[in-house]
Amino acid sequence: MICIVLLSGCGKKSTDTLKSFKDYNAKQTSYELNGTMKIVSNEDEFTYNVTVGVDNNEHYKVSLVNTINNHEQVILRNDEGVYVVTPELNKSFKFMSEWPDNSSQAYLLESLVNDANKDASTKIEKTGNGYKITSKVNYPNNQRLDHETIETDKDFNIKKVSVKNAEEKTEIEVEITKINYKPKFSNDYFNLDKLVKTENTTEKKDKKVDEDCLASCTDTVDNCQNTCKIETTSNILEDIIYPLYVPTDTYLSGKDTVATDNGNRVILTFAGVNPFILVEEVSKTNDDLDIIPVNGEPLFLGSTIGAISDNSVYWTSNGVDYYLTSKNLDASEMMTIAESVQNSSNLVAGLK
């Protein structure tokens, strides 16, 4: 009888503590946090500096800067829609999406509370300096991710989130270094136009002087220097990136190169039981914002954020745009192929 009473008391205390964690973080509907996020893709690890701004759980701005190449991408949700913006290219995906409500997000407080609410087996335990909460996660496009552990201080402020697979290997890790629960956002903080690079990107490209042109020029020296400058940036794809993973009984059946107005486009065709097409071309920097509509969801692919729909994946990495499409493969299998292309791309870039 004594044991039963003690166990009942411990169970009630644990339930009350978990409720306190949920209540405290659920009421934080507006905040700004800073931290780092690590993503493990196979044997590669990518680290982002993360800045998150949330206004009344309605408007979101998530800035992710790759610590290796300083490449920034922004996930934005405002009254007009959901966007994944690459400011340096003046390019954005626009989604017809319920993000962030339709999947787990390791860097959003309300998402972590929702995960704990939806999992009836969520556990909380006391640690030396606070608490650790464990619950199931929902990542529809990444079935490997199984559960997460949330570490807090004694007041339930979240300090670290680790998203793990069934083998207890951490694949996503977020560490919060600073959080402000009373932020003051500027009027245009959540505006898409705020992320557009307004400089003339064409003029910013590196140029060199055509010596033959300069020798035959009869104008003034300054005018000849300007007239004879040529672009040094090539839009010709030099390295074709092949996927490190291809589904069983599927093989490369064709490789075509098509000339475009800006360079060239490589089309790799894979045939067999699970056919698919992979398209590659050099990324173009736009003078104005180029918005690409997508009927899908944002997708993390290690060192970049892309877009995934029912039959395609689109992403940019190391100066190359990729488009993968298939009528046979599901989203999970397409993601696996895309990750292998991404890892191959990083390998090639690292060798240069």
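Not measured: the values here are computed from a predicted model.

Reading the values: the criteria
Within each chain, residue numbers correspond to sequence positions counted from 1 in written order. Local features in this predicted model are restricted to residues of pLDDT 70 or higher, and side-chain atom pairs are both shown and tallied only at a pLDDT of 80 or more, whereas totals for entire chains, interfaces and linings draw on every residue. Computation of side-chain values covers all heavy atoms of the structure but excludes hydrogens and water. Secondary structure elements are taken from DSSP: a helix is a run of H or I of four residues or more, a strand is a run of E of two residues or more, and numbering for both begins at the N terminus. Exposed residues in this analysis have more than 50% of their type's maximum accessible area, buried residues have under 20%, and partly exposed residues fall in between, with area computed by a 1.4 Å probe over protein chains only. For this analysis, a ring pair means two rings from Phe, Tyr or Trp (six-membered ring only for Trp) whose centres lie within 6.5 Å, classed as stacked if their planes differ by under 30 degrees, edge-to-face if by over 60, and tilted for the remaining angles. At least two DSSP bridges between two strands are required for those strands to pair. Here, residues are in contact when the closest pair of their heavy atoms is within 4.5 Å. Only the stretch in contact is used when fitting a helix axis, every axis being a line fitted to C-alpha atoms; angles between N-to-C directions are given from 0 to 180 degrees. Within this document, salt bridges are pairs made up of a side-chain nitrogen of Lys or Arg and a carboxyl oxygen of Asp or Glu, the two lying within 4 Å of each other. The pLDDT score gives, residue by residue, the confidence of the prediction method on a 0 to 100 scale.

Brief notes about the overall build of the protein chain
Along its length, the protein chain carries 6 helices and 21 strands. Looking at the protein chain residue by residue over its 352 residues, the buried ones come to 45%.

Points about the packing of aromatic side chains
Within this structure, the stated rule accounts for 12 aromatic pairs. When the ring of Phe93 is compared with that of Tyr314, the centres are 5.2 Å apart and the planes differ by 75 degrees; the resulting orientation is edge-to-face. Taken as a pair, Phe93 in strand β6 (residues 91-95) and Tyr314 in strand β20 (residues 312-317) lie far apart in primary sequence, 221 residues in all. We classify Phe93 as buried; its relative accessible area is 5%. What makes Tyr314 partly exposed here is its relative accessible area of 22%. With a centroid separation of 5.0 Å and an interplanar angle of 15 degrees, the aromatic rings of Trp315 and Tyr322 are classed as stacked. Each member of the pair, Trp315 as well as Tyr322, carries the same accessibility label: buried.

Overview of the pairing of strand β18 (residues 297-300)
Working note: regular strand, side chains alternate between the two faces of the sheet. Inspection of the sheet shows β18 paired to strand β19 (residues 305-308) by 4 bridges, in the antiparallel sense. Within the sheet, the bridge partner assigned to Leu299 lies in β19 and is Gly306. Count of turn residues in the β18/β19 antiparallel hairpin: 4 residues, of which Gly302 carries a positive phi of about 70 degrees.

A word on the environment of Ile39
Relative to the assigned elements, Ile39 resides in strand β1 (residues 31-41). Owing to a relative accessible area of 7%, Ile39 belongs among the buried residues under this scheme. The spacing of Ile39 and Ile172 is 133 residues in sequence and 4.7 Å in space, taken between C-alpha atoms. Apart from the residues within four sequence positions on either side, Ile39 is in contact with Asp44, Glu45, Phe46, Tyr48, Glu171, Phe300 and Gly302.

Looking at the sheet that holds β19
The 7 strands lie next to each other as β14-β15-β16-β21-β20-β19-β18, forming an open sheet whose pairing is antiparallel. Both edges of this open sheet fall to β14 (250-259) and β18, since each of them pairs with a single strand only. Taking the axes of each pair of neighbouring strands and ignoring which way they run, one obtains an average angle of 20 degrees across the sheet. The pairing of β14 with strand β15 (residues 264-272) spans 9 bridges and is antiparallel. Counterpart to Ala259 in the pairing with β15 is Asn264.

Structural notes on the pattern of salt bridges
Under the definition given, this model contains 11 salt bridges. Close ionic contact of Asp23 with Lys19 constitutes a salt bridge, the shortest N to O distance being 2.7 Å. Of this pair, Asp23 and Lys19 both sit in helix α1 (residues 2-26), 4 residues apart, which is roughly one turn of the helix. The class of Asp23 is partly exposed, set by a relative accessible area of 41%. Salt-bridge contacts for Lys194 lead to Asp188; the nearest nitrogen and oxygen are separated by 3.6 Å. Given the relative accessible area of 48%, Lys194 is considered partly exposed. The network of salt bridges with shared partners includes Arg144, Glu171 and Glu339.

Section: the confidence of the model for the protein chain
Summary statistics for the protein chain give a mean pLDDT of 88 and a share of 85% for residues scoring 70 or more. Summarising per-element confidence for the protein chain, the mean pLDDT is lowest in helix α3 (residues 201-204) (42) and highest in strand β8 (residues 130-136) (98). Every residue in residues 1-8 scores below 50 in pLDDT, and together they form 0 contacts with partners more than four places removed in sequence or on other chains. Note on residues 200-206: pLDDT under 50 across the span, and 14 contacts to partners over four residues away in sequence or across chains.

Here we look at the sheet that holds strand β7 (residues 123-126)
Taken in spatial order, the 12 strands of this open sheet run β7-β8-β9-β10-β11-β1-β2-β3-β4-β5-β6-β17, and their pairing is mixed. Either end of the sheet is taken by a strand with one partner, and the two such strands are β7 and β17 (290-294). In this sheet, neighbouring strand axes are inclined to one another by 20 degrees on average, regardless of whether the strands run parallel or antiparallel.

Thoughts on the environment of Gly53
Structurally, the position occupied by Gly53 is in strand β2 (residues 44-55). Overall, Gly53 belongs to the buried group, its relative accessible area being 0%. The sequence separation of Gly53 and Asn180 amounts to 127 residues, and the corresponding C-alpha distance is 9.6 Å. Non-local contacts of Gly53, meaning those with residues more than four positions away in its chain, are made with Tyr31, Glu32, His59, Tyr60, Lys61, Phe185, Tyr189 and Phe190.

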